[in-house]
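Residues per chain, in single letters:
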Amino acid sequence: QADVFTYDPGFTSTAACDSTITFIDGEKGELLHRGYPIDQLASQSHYLEVCYLLLYGELPSATQLEEFETLVTRHTMIHEQMHNFFRGFRRDAHPMATMVGVVGAMSAFYHDSTDINDDHQREVASIRLIAKMPTIAAMAYKYSIGQPFVYPRNDLDYASNFLNMCFSVPAEEYQANPILSRAMDRIFTLHADHEQNASTSTVRLASSSGANPFACIAAGIACLWGPAHGGANQACLEMLKEIGTVDRIPEFIARAKDKNDSYRLMGFGHRVYKNFDPRAKVMKQSADEVLELLGVDNNPILQVAKELERQALEDPYFAEKKLFPNVDFYSGIILEAMGFPTSMFTPIFALARTVGWISQWKEQLADPQLKIGRPRQLYLGETRRDYVDIENR
Ligand code: SDX
């Protein structure tokens, strides 16, 4: 029986679903994936191993991990005819628009993995999505900047392959840097899954109608795009750039505190975390590491971010409202330092979250009792009344 909780005066609701995948303790600032703390996974594991854990419930043996990584590596190419889909978009289309379209279109190409009642097809669809999402995201980026697509390579690890597909050009191959690849992989891990957030609930709701996996994941991508959710990483960096200098921070904090102003600090606050977002802590350490490596640790945007965090955390308003930096606060700084435009921040979030969406989709299909039932409402509209002809209105 799902826990019942009350979150509005007199309005009670039941939990959306049961799950065994991810646990969040908002008060303690704790995030566990199948029981393992996110800070340990981010520092000691790597993204494809975390994918295995989320999908199958246990850390893999060396043999299991090698087989899984080989399977993913050998499915990173997309159907050649899908390249035409990209060319149907305007060059200035947001890469998230392209990803929603292309991922949804996968159901028009991979017919042999759309039957949700076939265990094998579910497994094939899962591997295809995890393997191909970096390729699709990189192609969306290349298309948006007018550069030729770069094919995936089997001699590169997951993160290095993505960076290579984004930054190599025919005239000059991208020189993979192990520290940047590690930072990219860590960003994937920190975004892998997060319980019943809006986009995951969207995927579960779409799945409850029996929609095919590609349609369900496309729905999740569309939901993640919003600035209150996955789009916050792009909105946060744009906010930090708008602030520009440390001396303008008080002006923006005042706006965020003004009840007559709907302005919110992007990258701050969370529906569940009321202490701190454990992912933000790891992301902040990674930002220092990457920017120092790239010799831009004096980056003014990083200074603004750190000073904004310091001032906000010292401000009684934010303490009272329990507002802390979330996963999106520092990620954009790292991604921009790596060379990504802000328009690629949310596609990278979507790429990383695919394994979480897929794991929760599979969990729901495996046990119909976990289905998100059809949500009900609290009806506050008109009571029954009879139709009135227009001449009598
Ligand atoms: C993600 O669900 C997930 O797990 C999502 C995610 C994931 O991994 O999937 O963690 C990823 O989406 C992180 C959140 C990214 N979004 C942003 O950074 C956008 C800015 N933050 C917000 O818009 C906001 O904090 C939310 C949407 C995240 C949470 O909104 P809530 O539930 O309204 O926040 P709350 O209940 O904690 O708010 C309490 C108060 C409110 O004031 P009162 O109405 O009580 O007077 O704090 C205020 C809010 O107005 N508030 C903010 C604020 N966030 C909340 N005030 C200023 N700046 C902010 N950022």
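What you see is a predicted model; the values in this text were computed from it and never measured. (Residues numbered from 1 in each chain as written. Predicted model: local features only at pLDDT ≥ 70, side-chain atom pairs only at ≥ 80, totals over all residues. Heavy atoms only, no water.)

Colleague: Go over the overall build of the chain, please, and point to the residues and values.
Modeller: A count of helical and extended segments in the chain gives 17 helices and five strands. For the chain, whose C-alpha radius of gyration is 22 Å, the value lies close to the compact-globule estimate of 21 Å for 393 residues. If one aligns the C-alpha atoms of the chain with their principal axes, the spans along those axes are about 75 × 60 × 50 Å. With 393 residues in all, the chain has 51% of them scored as buried. In the chain, the share of contacts with a sequence separation of at least 24, taken over all contacts with a separation of at least 6, comes to 73%. (Helix = DSSP H or I, 4+ residues; strand = E, 2+ residues; numbered from the N terminus. Rg over C-alpha atoms; globule rule 2.2 N^0.38 Å. Buried < 20%, exposed > 50% of the residue type's maximum accessible area, 1.4 Å probe, protein only. Contact = heavy atoms within 4.5 Å.)

Colleague: Summarise the UniProt feature "active site" (unreviewed entry) in the chain; cite the residues concerned and give the values.
Modeller: Feature annotation in UniProt places "active site" (unreviewed entry) on H270 and D328, given in this structure's numbering. The annotated residues occupy 59 residues of the chain but converge on a single region, no pair of C-alpha atoms lying more than 10.5 Å apart. On the secondary structure map, H270 appears in the loop between α12 (249-257) and α13 (278-293). The class of H270 is partly exposed, set by a relative accessible area of 22%. Those residues within four positions of H270 in sequence are excluded, and the remaining contacts are H194 and R279. Within the structure, the side chain of H270 is placed 2.9 Å from the backbone nitrogen of V272, a separation counted as a polar contact. (UniProt positions renumbered as here; feature names shortened; annotations may be inferred. Polar contact = N/O pair within 3.5 Å; in protein donor to acceptor, adjacent residues only side chain to side chain.)

Colleague: If you had to explain the sheet that holds strand β3 (residues 22-25) to someone new, which residues and values would you point to?
Modeller: Strand order in this open sheet of three strands is β3-β4-β5, and the pairing throughout is antiparallel. A single partner strand is all that each edge strand has here, and the edge strands are β3 and β5 (36-37). With two bridges joining them, strand β4 (residues 30-33) and β5 adopt antiparallel strand pairing. Residue pairing for β5: H33 is matched across the bridge by Y36. (Pairing = 2+ DSSP bridges.)

Colleague: Tell me about the environment of V203, and name the residues and values.
Modeller: Secondary-structure assignment places V203 in helix α9 (residues 198-207). Spatially, the C-alpha atoms of V203 and F324 are 27 Å apart, while their sequence positions differ by 121 residues.

Colleague: For the site of the ligand, give the residues involved together with the corresponding values.
Modeller: By nearness alone, 25 residues border the ligand, and H194, K259, H270, R271 and K274 come closest of all. Contact distances for the ligand include 2.8 Å between an oxygen atom and a backbone N or O atom of G267. Within the contact set of the ligand, an oxygen atom lies 3.1 Å away from a side-chain nitrogen or oxygen of K321. Starting from 1000 Å² of accessible surface for the ligand in isolation, the protein chains cover 80%. Residue composition of the shell around the ligand, by class: 10 nonpolar, seven polar and eight charged. (Near = heavy atom within 4 Å. Areas by Shrake-Rupley, 256 points an atom, 1.4 Å probe, with all protein chains shown as cover. Nonpolar A, V, L, I, M, F, W, Y, C, P; charged D, E, K, R; others polar.)

Colleague: Can you tell me about unusual backbone geometry, naming the residues and giving the values?
Modeller: Here the phi dihedral of R34 falls at roughly 50 degrees; this positive angle occurs in a residue that is not glycine. Here R34 lies in the loop between β4 and β5. Backbone geometry at E195 places phi at a positive 60 degrees, although glycine is not the residue there. Tracing the backbone shows E195 in the loop between α8 (178-190) and α9. For E195, a relative accessible area of 24% gives the class partly exposed.

Colleague: Break down α9 for me, with residues and values.
Modeller: By the criterion of burial, α9 is predominantly enclosed, with seven of the 10 residues buried. If you check which residues of α9 are buried, you get S199, T200, S201, V203, R204, A206 and S207. Looking at the buried side of α9, the elements it contacts are α10 (213-224) and α17 (345-366).

Colleague: With reference to specific residues and values, describe the state of the cysteines.
Modeller: Inspection of the entire model under this criterion finds zero disulfides. The closest cysteine sulfur to the non-disulfide-bonded C166 is located on C51, 17 Å from its own sulfur. Summary of cysteine pairing: C216 is not part of a disulfide, and the nearest cysteine sulfur, belonging to C223, is at 13 Å. (Disulfide = S-S within 2.5 Å.)

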